[in-house]
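Residue strings, one per chain:
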Amino acid sequence: AGVEGFFGNDRFLRADVINFVNSVLGDGSVKKSTLLSGRAVARIFHGLNSPSFPIKVWGRNKLWGRYDACDFDLIRQIADDVLAAS
């Protein structure tokens, strides 16, 4: 199956996005209305540094860069859906 086969099934990705969003919103790490977006989640899951989510802080998160082989827009879309439902 390999990496592509694993990431081809978005069930695991969706579960990780839900857990991540619940975790960071629940512990007050970020405010949903001001910072957290589908794009921000996709950047974190791809391991892309940004001023709002720097590697120095977020690089310790287990999901930082975990989905770098997954389509960025797929992650963004799933994260947008999860955020809209939360």
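Preceding this paragraph is the structure being described.
What counts as what
Residues numbered from 1 in each chain as written. Predicted model: local features only at pLDDT ≥ 70, side-chain atom pairs only at ≥ 80, totals over all residues. Heavy atoms only, no water. Salt bridge = Lys/Arg side-chain N within 4 Å of Asp/Glu carboxyl O. Helix = DSSP H or I, 4+ residues; strand = E, 2+ residues; numbered from the N terminus. Buried < 20%, exposed > 50% of the residue type's maximum accessible area, 1.4 Å probe, protein only. Expected span 1.5 Å × (residues − 1). Arc of directions from axis to C-beta. Contact = heavy atoms within 4.5 Å. Axes fitted to C-alpha atoms, helices over the stretch in contact; angles between N-to-C directions. Parallel < 35°, antiparallel > 145°, perpendicular 65-115°, else oblique. Left-handed = near helix turned anticlockwise from the far one by under 90°. Nonpolar A, V, L, I, M, F, W, Y, C, P; charged D, E, K, R; others polar.

Q: Sorry if this is basic, but what is going on with the pattern of salt bridges here?
A: It is possible for side chains bearing opposite charge to pair when their charged atoms get close. The tally for this structure, following the rule as stated, stands at three salt bridges. We note a salt bridge from R66 to D16, for which the minimum N-O separation is 3.5 Å. One end of the pair, R66, is in the loop between α4 (55–58) and α5 (72–85); the other, D16, is in helix α2 (residues 10–26), and 50 residues separate them in sequence. With relative accessibility at 41%, the residue R66 sits in the partly exposed group. The class of D16 is buried, set by a relative accessible area of 14%. The partner of R76 in a salt bridge is D73, with the nearest N and O atoms 3.6 Å apart. Linking R76 with D73, this pair stays in helix α5, spanning three residues, or about one helical turn. Taking the relative accessible area as the measure of exposure, D73 reaches 43% and is therefore partly exposed. Where salt bridges share partners, they join D73, R76 and D80 into one cluster.

Q: Hey, could you run me through α2 in this one?
A: Along an α-helix, residues three or four apart share an orientation, since each turn contains 3.6 residues. The end-to-end C-alpha separation of α2 is 23 Å, in line with the 24 Å expected for 17 residues at 1.5 Å each. The complete set of buried residues in α2 reads L13, D16, V17, F20, V21 and V24. The arc that holds every buried residue of α2, seen down its axis, measures 130°, which confines them to one face. Residues R11 and G26 are exposed on α2 and point more than 90 degrees away from its buried face. On its buried side, α2 packs onto α3 (38–46), α4 and α5.

Q: Is there a simple way to think about the packing of α3 against α5 in this case?
A: When two helices pack together, their arrangement is given by the angle between the helix axes and the distance between those axes. Taken N-terminus to C-terminus, the directions of α3 and α5 make an angle of 130°; their axes are 7 Å apart at the nearest point. Viewed along their axes, α3 and α5 adopt a mutual orientation that is oblique. Every pair of crossing elements has a handedness; the one defined by α3 and α5 is right-handed. Residues G38, R39, V41, A42, R43, F45 and H46 of α3 form the contact with α5, whose own contacting residues are F72, I75, R76, A79, D80 and L83. Taken together, the residues of the contact of α3 with α5 break down into seven nonpolar, two polar and four charged.

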